[in-house]
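Residue-level listing of the chains:
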Amino acid sequence: MYISSMATNISGKLKILYSFLKPGAPIRYADLEKLGISKDLAVYYVRAGWLERLGNGVYIKPGSEPELSLSIKLLNDTAKDLHLGGKSALEVYGITHYLSYKPITYLYGSRPFNVPEWFSSRFNCKYNQKHLFEEDVMQPLYVGSYEGRGEKWNSVSDPERAVLEMLSEVGLRQSLSEAVEIMESCYTLRSDVMETLLDACRSVKAVRLFRDIAKKISLPVISELSEMSLKRGSASNWVGKDGNTRMILKP
């Protein structure tokens, strides 16, 4: 009788679990616990092939690979300001110079964060710890959801923020020439959003690069921005490098 009751309990919880599990969506042990599934029962389900373990405390429906957007959503549950940003975010909106064979997934956040191996091994990821804007890190400026091309993103930079994130990487992990080519497709940037982000941006380099490139390629948004928002830093030149080339950004 006891064995029969235990089997019924395991089977009943498995039905609850399978009504909750979605293909491609990783799930944390904390979520399993809310469904009444203990650690021992989770181990049993894994051994029985009813649940697949991705990493420490993270599981997925067997036979499905983690989807990038759903995986970022899971990471965001523990690192609240972590989001897809920069060049990767622009690609979500269809703004790209070319599609690489194995694109790098650029994640941004303001705090130290160790990307778990199950994620980095699948998505060729780079995490950028930056406090690029004056903002509430629990509610980053213009980071939200977007649905397009068959995917829903819950934590992705708006295009205006993504451009400044990308420009902040010039001379580090981003070439200036590619940044210019990508920005040539940014003709729908919103002036009110851009103004807010430029005012909040802490990077002299990113603001001045945006100003100079936008003027050079005649982006429509540049004519709608105030001169005050396009100034950042002192009256001195900003000097840096793009590879072996010296960059000088005037006030």
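See the structure above.
The residue count restarts for each chain, going from 1 along the sequence in the order it is written. Reporting of local features is limited, given that this is a predicted model, to residues whose pLDDT is at least 70; pairs of side-chain atoms are given and counted only at 80 or more, and all residues count toward the totals for whole chains, interfaces and linings. Only hydrogens and water are removed before side-chain values are computed, so all heavy atoms of the structure are retained for them.

Each pair of strands is called paired provided DSSP finds at least two bridges between the two strands. Numbering of helices and strands runs from the N terminus; a helix is a DSSP stretch of H or I covering at least four residues, while a strand is a stretch of E covering at least two. Across the sheet, which stays open at both edges, the three strands sit in the order 1-3-2 with antiparallel pairing between neighbours. Bordering the open sheet on either side are strand 1 (27-28) and strand 2 (52-55), each of which pairs with just one other strand. In this structure, strand 2 lies alongside strand 3 (residues 58-60), joined through three bridges in antiparallel fashion. Looking at the pairing, G55 lines up with V58 of strand 3.

Another aspect to go through is helix 4 (residues 68-78). Note on classification: 1.4 Å probe, protein chains only; a residue is buried when its accessible area is under 20% of the maximum for its type, exposed when over 50%, partly exposed between these limits. If you check which residues of helix 4 are buried, you get L68, S69, S71, I72, L74, L75 and N76. Contacts were defined at the residue level, with two residues in contact if any of their heavy atoms lie within 4.5 Å. Buried residues in helix 4 make contact with strand 1, strand 3, strand 4 (83-84), strand 5 (105-109), helix 6 (117-123) and strand 8 (151-157).

For the rest of this paragraph, the subject is the packing of aromatic side chains. In summary, the pairing rule links any two rings of Phe, Tyr or Trp, Trp by its six-membered ring, whose centres are within 6.5 Å, and it sorts them by plane angle into stacked for under 30 degrees, edge-to-face for over 60 and tilted for everything else. Under the criterion given, the structure shown has seven aromatic pairs. Ring centres 5.9 Å apart and planes at 80° place the aromatic pair W118 and F119 in the edge-to-face group. F119 matches W118 in its accessibility class, with the two residues each being buried.

Bringing the environment of E65 into the picture now. In this fold, E65 is placed in the loop between strand 3 and helix 4. Between the C-alpha atoms of E65 and P23, which are 42 residues apart in sequence, the distance is 7.6 Å. Those residues in contact with E65 that lie beyond four places of it in its chain are G24, I60 and R122. Pairing of N or O atoms within 3.5 Å defines a polar contact, subject to two protein rules: one partner must be a possible hydrogen donor and the other a possible acceptor, and residues neighboring in sequence count only if both atoms are side-chain atoms. A distance of 3.2 Å separates the side chain of E65 from the side chain of R122, its partner in a polar contact.

It is a probe the size of a water molecule, rolled over the atoms, that shows where empty space is left. Here a cavity is any set of points on a 1 Å grid over the protein atoms alone where a 1.4 Å probe fits but cannot get out, and a pocket is any open set with protein on both sides within 12 Å along at least 5 of 7 lines; a residue lines the site when it has an atom within 4 Å of a point. Grid points are joined across faces, edges and corners, and a volume is the space filled by probe spheres set on the points. If you add up the space inside the second largest pocket, you get close to 260 Å³. F20, L21, K22, A25, P26, I27, R28, D31, L70, K73, L74 and D77 are the residues that line the second largest pocket. Those elements that provide at least two residues to the lining of the second largest pocket are strand 1 and helix 4. Considered class by class, the residues forming the lining of the second largest pocket number seven nonpolar, no polar and five charged. Asp, Glu, Lys and Arg are counted as charged, while Ala, Val, Leu, Ile, Met, Phe, Trp, Tyr, Cys and Pro are counted as nonpolar; the rest, among them Gly, fall into the polar class.

Turning to unusual backbone geometry, a few remarks are in order. Positive phi, close to 45°, is recorded for N124, a residue that is not glycine. Secondary-structure assignment places N124 in the loop between helix 6 and strand 6 (125-129). A positive phi is found at Y142, a non-glycine position, where the angle reads about 55°.

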